Structure formats: C-alpha cells, structure tokens
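Each chain, letter by letter, is given below.
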Amino acid sequence: MSQIKEFISQQKYIILISIFLFLGIYGLNHYFPITLDDWRYSTLADGSRVSNLWEIFEYQYDHYFTWGGRSIVHAIAQIMLAAGIFWGDVMNSIGYIALVVTIYYIANKGNSRNIPLFIGINLLIWFLIPALIENLFWITGSANYMWGTLLILLFISFYCSAFISGQSKDGGVKRAGVFLLGIIAGWTNENMAVAMIFFVICLILLMKKEKQKLPQWMIFGLVGAIIGCAIMLLAPGNYIRNQSEMVNMAAEGAEPVYMFYFYRFTSILKVASWYALIPTVLYIVFLLLYLKFRKKGNNKILYLSLLFAVTGGVATLIMVAAPIFPERVWFAILIFLFIGIGLLYANLDFSVIYIKIAFYAVIGFATLVFLYSYWLSLNDFMRIHTIWAERDRIVNMEKQKGVRDVVMYGRFKAADSWFVRPKTGDIPLDSMAWMQNAYGHYMGINSVKIFDSEDK
C-alpha cells in the first residue's frame, strides 16, 4: 500500500493529465458513430447482434478461414461493439490512455517524471498521424491499429526495460507470460508483427554486443511472437482474400510481377515523402540535439532510439508486398518513430537553459493550438453524430412501414478547416454494395442507400 501511495505521489500530475485526456478522448468516441466494418462485426448471419464471447469465437473462427488472420484485434473490435455504445467508447478511450502511457514508459525509462514528454507524445499523435478517425475512433480501425500497436508495445516494453536497465528477473512464470504475450502481439497486424520480430532480434543482438546477460524469457517471447505471426500469416482466409484482389487487379490489366513490386516500392517512397517527412525531420533534429546535448552515460539510448526509427522504416518497406497502403497503416510506423524521438528528448541535458526554454515554449504553444483544434473537432463530431442519429431514425421509421430497402438523400462532407484533425466523410457514392447492405443488415433491413440532395 505504501508503494502505491508513493507511486501516486510521484506521478500525480501524469495521472491528472491522463484523466483529462480520457475525458477528452471519450467525448470524441461518444460522438463518433458505428460505421462500415463495425456494422458487419456487430451482426451475425441471421441478423441478430453479437452478444457474447462464444459468438465472437465462432465468428472469428469462420473469419480466419474465409477472410483474414487478424483474429486478436478483430475479436477486440467485436468485444467493444458487443459491450454497447457506452462501454465500448469507455474501453476504446482507456485503450488510448494505455497506449500513451506505454509510449511514455518506454521513452522515459530510467528518468524522473517528465510532464512535457507526456504532453508531447499526445501532440505528436494529434498533429502528425494522418488518419486519426480510422486509428482512434472508428472501432474496427482502432482495434486493428491502436489496440494492435498497444499490444506490440506492451510486449517489446519488457525488452526495452531489460536493455536500458541492464537487468531483468527471470523465471518460469515470466517466461510463460512473455511467451503468451508474444503470441498475442505477433497475431495482430501483418507488417508490424514482422517488424516487431525484427526489432526483438536486433535488440537481442545489441544486448550481446553490450555483453549483457540474456534472460531466457527473451527467447521464449521471440518464439511466441514468431508463432503468433505465423498463425496470422498462414490463415486460409488471407489467400482467399488475396485471390479476389488479384482478380480485380487482373481485370484492370495484368502486369509482370516484378513491375508490380517496382511500382509498389516507388509509390511507397512517394507516399512516405508526404506522411513521414515531418516526423523524420523532427527525428533528425532531435538526433543532432542529442549528440550535442545528451546526458552523460552509455550509448544504449542512442542505439534503442535508432532501432525504433529503423524498425519503422522496415515496417514501411514490408508494405511493398501489400496491394494497397491506406493512410491508417501509418499509425504504428509513426508511433515507432515518435518513441525514437521521445527517447532522445527524455535524455537531453536540460541544464542548458535555452534548450529547456525553447522546448517548453514550443510545447506550450502547440498545446494551445491543440485545445482550439480539439474544440473544433468535437463540434464537427457532434454534427456527424446528429446526422447519423437522424438517419437511424428514418431507417427505423421506414422499417416499421415494412420497407426493406431504404433510399435517403442528404450527404455530409469532412470539415474544411485544417484544425479539425480527425476528418470523416460519408459513405462513398461509388461504394461497394457491401456497405449499403451492412448498414441495412445492422438496422434489420436489406439495404440503405444514401445520395446527394441534388439527385433527389
């Protein structure tokens, strides 16, 4: 009990900020509607709602053999959806706080409380993640990317802690626990699971280089991660889905395989120059500052920071093998880069007063901009919430009349202001039929089509 009181006393400001962050994130989660894949993961084939763990298990078992192997994160999505709107939003908000705290724990390991670092992590996520809606608030997207990244970071945090501190307890319980966590983390997301394995192997080699004792739980964890990744990648559903995607590509015009991967590589470099440019420049700036003004000590922080940055690059290059590279995939890649920046920042020598004043001024100004941006974003979420609530009302009214295929008019667009960071748009007019059918199925009818008011 005394240790808990001491911890609360030392971290009271971090805890207080976390509470305010939770309330802020919950507000956005509350006003963001259930949409797209959420509709599908909420309902069973007979139209009833998913309501218990056994139904989720059966759903994911079938999903594994027919569509894809991300069973862990999709199960998390279904748990949040089955929990209901209120508890699902609470769980998703807690997940965000857990992610930020884990990032902070890794970046600040071995240092005293660092409030600017904790605030800075949130600012980086808010301003530099390109698909906040899909990564944090859309339940299915959040489960795939935010929760998947959280599980990966929880796993590698054990390795980072052991590497920085130079010591770690070993034992049967810890080996079994890290082995199981490795399976779960490896079973989350294809490109990041492979990148995570790369990270762990490199960290083990770094420990060998530093002549650190290698606890056996590290090997158990690595084996678990490889097993989890293999289970995900070998899912029969992956090949069924990839085959359908290849059929679509063939319909657009076949290309030699080597040309396809060449174009994928060049397109990824082009996209990276847009989404990763500012984070990379920030990393280089902090790297140069660290080399000039770092605290006295060994090179472990530098090695670990570089490893996080390189792993982000590896995760990016792995996407060459994927047919598409949506914006939401950048989430975990950039989070790894942010951790690299955080490690460098947390270990700067702030006895150099002008460095300290400069960073505090930047973080203070960015916080004010964030508060303004958050307020505008919350109001836009409330606008979207009202629109979807009205749509649900219309569908239910038509359903009572016996209408099974509802057509409605009046679409919305994402807010124009740059300060509205989480931008959301309506269902695309050229969307596949599954979106219309999924919304209809979720509402207990056949389909719902939404057109522009001008088409009325």
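Our structure's up above, just so we're on the same page.
Owing to the predicted nature of the structure, the values given are computational and were not obtained by experimental measurement.

Peer 1: Give me the overall build of the protein chain: which residues, what numbers.
Peer 2: Broken down by element type, the protein chain carries 19 helices and two strands. For 456 residues, the compact-globule formula gives about 23 Å, and the C-alpha radius of gyration of the protein chain, at 23 Å, lands near that figure. The C-alpha extent of the protein chain, read off along each of the three principal axes, is 75 × 50 × 45 Å. Going through the 456 residues of the protein chain one by one, you find that 50% of them count as buried. Of the contacts made within the protein chain by residues no fewer than 6 positions apart, 79% connect residues no fewer than 24 positions apart. Carbon and sulfur atoms make up 67% of the accessible area of the protein chain, which totals about 22,400 Å². Each charge class in the protein chain can be summarised by its mean position, and for the 36 positive and 28 negative side chains these summaries are 15 Å apart.

Peer 1: Break down a nonpolar patch on the surface for me, citing the residues and quoting the values.
Peer 2: Together, Ile4, Phe7, Ile8, Tyr13, Ile15, Leu16, Ile19, Phe20 and Leu23 give the surface a local cluster of nonpolar side chains, amounting to about 880 Å² of exposed area. Broken down by secondary-structure element, the contributors of at least two residues to the nonpolar patch are helix H1 (2-10) and helix H2 (12-31). With six residues, the single largest contributor to the nonpolar patch is H2. Structurally, the position occupied by Ile8 is in helix H1. The class for Ile8 is partly exposed, based on a relative accessible area of 43%.

Peer 1: Quick one: what's the story with the nonpolar core, residue by residue and with numbers?
Peer 2: In terms of nonpolar packing, the biggest core is built from 125 residues, with Ile125, Phe155, Phe199 and Phe308 touching the most fellow members. Not counting the four nearest positions on each side in its chain, Phe199 is found in contact with Ile156, Cys160, Leu304, Leu307, Phe308, Thr311 and Phe336. Ranked by size, the runner-up nonpolar core spans 16 residues in total, among them Met408, Met443, Val448 and Ile450.

Peer 1: Talk me through the pairing of strand S1 (residues 405-409); I want residue IDs and the actual numbers.
Peer 2: In S1, alternate side chains face the same way, and those of Val406 and Met408 are buried while those of Asp405, Val407 and Tyr409 on the opposite face are not. Note: S1 against strand S2 (residues 447-451), five bridges, orientation parallel. Bridging from a neighbouring strand, Met408 pairs with Ile450 of S2.

Peer 1: Provide a residue-level description of helix H16 (residues 300-318), including the pertinent values.
Peer 2: Over its 19 residues, H16 runs 26 Å from end to end, which matches the ideal 27 Å to within 8%, given 1.5 Å per residue. Taken together, the buried positions of H16 are occupied by Lys300, Ile301, Leu302, Leu304, Ser305, Leu307, Phe308, Ala309, Thr311, Gly312, Ala315 and Thr316.

Peer 1: Can you break down unusual backbone geometry residue by residue, with the values?
Peer 2: Although it is not a glycine, Leu36 sits at a positive phi angle of roughly 50°. With respect to the helices and strands, Leu36 occurs in the loop between H2 and helix H3 (37-42). Take Leu36: its relative accessible area is 23%, and that puts it in the partly exposed class. Phi angles above zero are rare outside glycine, and Lys211 is one such case at about 60°. Structurally, Lys211 can be placed in the loop between helix H11 (190-209) and helix H12 (216-233).

Reading the values: the criteria
Residues numbered from 1 in each chain as written. Predicted model: local features only at pLDDT ≥ 70, side-chain atom pairs only at ≥ 80, totals over all residues. Heavy atoms only, no water. Helix = DSSP H or I, 4+ residues; strand = E, 2+ residues; numbered from the N terminus. Rg over C-alpha atoms; globule rule 2.2 N^0.38 Å. Buried < 20%, exposed > 50% of the residue type's maximum accessible area, 1.4 Å probe, protein only. Contact = heavy atoms within 4.5 Å. Areas by Shrake-Rupley, 256 points an atom, 1.4 Å probe, with all protein chains shown as cover. Lys, Arg positive; Asp, Glu negative; His and termini not counted. Charge placed at Lys NZ, Arg CZ, Asp CG, Glu CD. Patch = residues over 30% accessible without salt bridge, like charges linked within 9 Å, V, L, I, M, F, W, Y side chains within 5 Å. Salt bridge = Lys/Arg side-chain N within 4 Å of Asp/Glu carboxyl O. Core = buried A, V, L, I, M, F, W, Y, C linked by side-chain atoms within 4.5 Å. Pairing = 2+ DSSP bridges. Expected span 1.5 Å × (residues − 1).

Just geometry here; none of it tells us what the structure is for.
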